[in-house]
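Observations on the model geometry
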Amino acid sequence: MTGDKTMSMAGTDLFELSRGVLDVASKKVSLIEDITRRTKMLAMNALIEAARAGDAGRGFAVVANEVSEISTQVNSITKELRSEIVARVDHLTTTGSAMVQEMHGKRLADLSLNMIEIIDRNLYERSCDVRWWATDSAVVDCAADPTEEARRHASRRLGVILESYTVYLDLWIADRNGTVIANGRPDRYPGARGANVSDEPWFRQALATRNGGEFTVGDVARNRSLDDRVVATYATAIRRDGEADGDAIGVLGIFFDWEPQAAAVVEGVRLEAGEREKSRCLLLDARHRVIASSDGRGMLTETVPLRRAASTMGHYIDDKNRLVGYALTPGYETYKGLGWYGVIVQER
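Here the structure is a predicted model, which means the values were calculated and not measured. (Residues numbered from 1 in each chain as written. Predicted model: local features only at pLDDT ≥ 70, side-chain atom pairs only at ≥ 80, totals over all residues. Heavy atoms only, no water.)

A word on the sheet that holds strand S8 (residues 290-293)
Heads up, the condition is: Two strands qualify as a pair provided that DSSP identifies no fewer than 2 bridges between them. Helix and strand assignments come from DSSP, with helices taken as H or I runs of at least 4 residues and strands as E runs of at least 2, each series counted from the N terminus. Orientation is described by lines fitted to C-alpha atoms, with helices fitted over the stretch in contact, and by angles between N-to-C directions that extend from 0 to 180 degrees.
Ordered by their spatial adjacency, five strands build an open sheet running S8-S7-S11-S10-S9, and the pairing between neighbours is antiparallel. Each having just a single partner strand, S8 and strand S9 (313-317) make up the two edges of the open sheet. Between one strand axis and the next, the sheet turns by 20° as a mean value, whatever way the strands run. Relative to strand S10 (residues 322-328), S9 runs antiparallel, the two being bridged by five bridges.

Some remarks on the pairing of strand S1 (residues 168-175)
This is how it is decided: Partly exposed residues are those whose accessible area sits between 20% and 50% of the maximum for their type, while under 20% is buried and over 50% is exposed, using a 1.4 Å probe and protein chains only.
Within S1, eight of the eight residues are buried, which leaves the element mostly enclosed by the surrounding structure. Judged from the seven bridges that link them, S1 and strand S6 (residues 248-257) form a sheet pairing that is antiparallel. Bridging from a neighbouring strand, Asp 175 pairs with Gly 250 of S6. Sheet topology places S1 next to strand S2 (residues 180-183); three bridges connect them, and they run antiparallel. Directly across from Ile 173, in S2, lies its bridge partner Ala 182. Where S1 hands over to S2, the hairpin turn is made up of four residues, of which Gly 178 adopts a positive phi near 95°.

Let's talk about a negative patch on the surface
Definition in use: The patches described consist of residues with a relative accessible area above 30% and no salt bridge, like charges being joined within 9 Å and nonpolar side chains (Val, Leu, Ile, Met, Phe, Trp, Tyr) within 5 Å. All accessible areas in this document rest on Shrake-Rupley with a 1.4 Å probe, and a residue is counted as covered only by the protein chains that are shown. Think of a salt bridge as a Lys or Arg side-chain nitrogen and an Asp or Glu carboxyl oxygen that are within 4 Å of each other. His is not counted here, nor are the chain ends, while Lys and Arg score as positive and Asp and Glu score as negative. Working definition for charges: the position is that of NZ of Lys, CZ of Arg, CG of Asp or CD of Glu.
A cluster of acidic residues, Asp 241, Glu 243, Asp 245 and Asp 247, forms a negative patch on the protein surface. By the element assignment, Asp 245 lies in the loop between strand S5 (229-239) and S6.

Describing the packing of aromatic side chains
Which entries qualify depends on this criterion: When two rings of Phe, Tyr or Trp (its six-membered ring) have centres within 6.5 Å they constitute a pair, described as stacked for plane angles under 30 degrees, edge-to-face for angles over 60, and tilted for the intermediate range.
Taken as a whole and assessed by the stated rule, the structure comprises eleven aromatic pairs. Residues Phe 215 and Tyr 234 carry aromatic rings whose centres are separated by 6.1 Å and whose planes lie at 20° to one another, so their mutual orientation is stacked. Of the two residues, Phe 215 sits in the loop between helix H5 (201-207) and strand S3 (216-217) while Tyr 234 sits in strand S5, which places them 19 residues apart along the sequence. Its relative accessible area of 23% is what places Phe 215 among the partly exposed residues. Its relative accessible area of 1% is what places Tyr 234 among the buried residues. Through pairs of rings, three or more aromatic residues link up here, namely Trp 132, Trp 133, Tyr 165, Tyr 168, Phe 256, Trp 258 and Trp 340.

Focus: helix H3 (residues 137-144)
To keep things clear, this is the line we draw: By the criterion applied in these results, polar contacts are pairs of N or O atoms within 3.5 Å in which, for protein atoms, one can donate a hydrogen and the other can accept it, and in which residues neighboring in sequence qualify only through two side-chain atoms.
Burial in H3 covers these residues: Ala 138, Val 139, Val 140, Cys 142 and Ala 143. If you check the start of H3, you find a side-chain oxygen 2.9 Å away from the backbone N of Ala 138, and it comes from Asp 136.

Structural notes on the environment of Gly 213
Mapping Gly 213 onto the fold places it in the loop between H5 and S3. The exposure class assigned to Gly 213 is partly exposed, which follows from its relative accessible area of 41%. Residues Gly 213 and Asp 245, spaced 32 residues apart in sequence, show a C-alpha to C-alpha distance of 9.1 Å.

Description of helix H4 (residues 148-164)
Where we set the bar: Multiplying one less than the number of residues by 1.5 Å gives the expected span of a helix.
An ideal rise of 1.5 Å per residue puts 24 Å on 17 residues; H4 measures up with 25 Å between its terminal C-alpha atoms. Buried residues of H4: Ala 150, Ala 154, Ser 155, Leu 158, Gly 159, Ile 161 and Leu 162, and no others.

Topic: the packing of H3 against H4
Note the threshold: Angular relationships are summarised with four words: roughly parallel below 35 degrees, roughly antiparallel beyond 145, roughly perpendicular across 65 to 115, and oblique for the angles in between. What makes a crossing left-handed is the near helix being turned counterclockwise from the far one by less than a right angle; a clockwise turn instead makes it right-handed. The contact criterion used throughout is that any non-hydrogen atoms of two residues lie within 4.5 Å. Any residue outside Ala, Val, Leu, Ile, Met, Phe, Trp, Tyr, Cys, Pro, Asp, Glu, Lys and Arg is labelled polar, Gly included; the first ten of those are nonpolar and the last four are charged.
It is at 9 Å that the axes of H3 and H4 come closest, and there the two elements cross at 150°. By the criterion of interaxial angle, the relationship of H3 to H4 is roughly antiparallel. Every pair of crossing elements has a handedness; the one defined by H3 and H4 is left-handed. Counting all contacts with H3, which are made through Ala 138, Val 139, Asp 141 and Cys 142, the residues of H4 involved are Ala 150, Arg 151, His 153, Ala 154, Arg 157 and Leu 158. Grouping the amino acids of the contact of H3 with H4 by side-chain chemistry returns six nonpolar, one polar and three charged.

As for the environment of Arg 210
As for its position among the elements, Arg 210 is in the loop between H5 and S3. Along the primary structure Arg 210 and Ala 244 are separated by 34 residues, whereas in three dimensions their C-alpha atoms are 9.0 Å apart. At 2.5 Å, the side chain of Arg 210 and the side chain of Glu 214 are in polar contact.

A closer look at the nonpolar core
Note the cut-off: Here, nonpolar core means buried Ala, Val, Leu, Ile, Met, Phe, Trp, Tyr and Cys residues that are tied together by side-chain atoms lying within 4.5 Å of each other.
Core analysis: the largest hydrophobic core is formed by 50 residues, its most contacted members being Ile 173, Trp 258 and Leu 283. Per element, the largest residue contribution to this core is nine residues, and it comes from helix H2 (residues 58-133). Beyond its immediate sequence surroundings of up to four residues, Trp 258 is in contact with Ile 119, Leu 123, Val 220, Val 230, Val 231, Ala 232, Leu 283, Ile 291, Ala 292, Met 299 and Trp 340. Ranked by size, the runner-up nonpolar core spans 16 residues in total, among them Leu 169, Tyr 189, Trp 202 and Leu 226.

Next up, the structure:
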């Protein structure tokens with residue numbers, strides 16, 4: 001990051017230097033033009049005086065004509081010099097500007113990649129959690145034989161887990177029909193137990209997993225049973241006897257408290273001084289829907305089109321003349337990612 005910053009500063013210095021060269025050169029050329037004008041005026045006056053002097057002034061007239069010719073040549077050269085300086089400095093300025101934009105764009109893309117990698121590492125842990133907790137004996141026993149005592153015991157066990165894993169809002173056990181038979185925070189979310197989630201994609205997909213090593217992830221969305229909070233839902237099948245190849249007897253769904261965790265990532269991007277107020281850091285899902293933004297706007301309601309062609313990482317100038325850097329999720333360990341993007345949109 002330090003190297004990128006140094007290169008960006010060097011590019012900016014080059015841009016400023018080229019502008020300075022043009023200013024200095026223009027001023028000096030203007031001085032030369034002024035001198036040649038004055039010299040030519042003196043030569044004309046000398047010719048007039050030589051004519052008045054008659055034969056005595058003929059020699060001086062030759063010198064005056066030569067001075068006038070030299071002034072004309074100097075003036076022509078000065079005009080050519082001004083034209084060449086302007087053209088070359090314009091080229092240098094354009095090149096320097098493109099260099100600064102390229103380096104700065106790459107830096108925004110790198111920062112975007114860093115954002116999505118942080119999220120990937122975090123969500124990889126969530127995929128590990130759901131597969132591990134689905135084998136807990138209290139969870140398995142509750143799904144296998146949901147007596148009232150088994151439900152209470154499972155609820156207490158899930159509550160203990162939630163005390164240590166504060167990034168979750170709640171943990172639910174659902175039977176094969178999609179009815180939630182136990183949750184970890186019944187006092188906070190009393191409406192969870194008894195809710196039916198059979199129509200939820202995460203439930204259906206979890207029930208269809210082939211073994212205990214598989215899991216599913218729902219879209220980041222609001223959950224009405226959890227006070228309409230925004231959650232990332234991870235789920236997997238609860239299998240008979242907790243065996244990886246056992247029959248699916250229910251589903252464990254865990255609800256990651258998305259907003260504060262995602263906000264910490266997009267608001268923690270290491271932008272340079274003066275950049276933050278003109279930059280918008282975003283996380284987008286596979287549909288390019290905003291699922292986190294540093295300015296707090298657009299959550300689940302805004303879609304940001306990306307001009308990424310076939311590239312997984314890059315930058316470009318959008319239709320509003322803003323610099324956009326982006327990076328597609330690379331995944332982490334066994335977590336392949338969900339097709340999400342880190343994006344930074346910056347006013348130029």
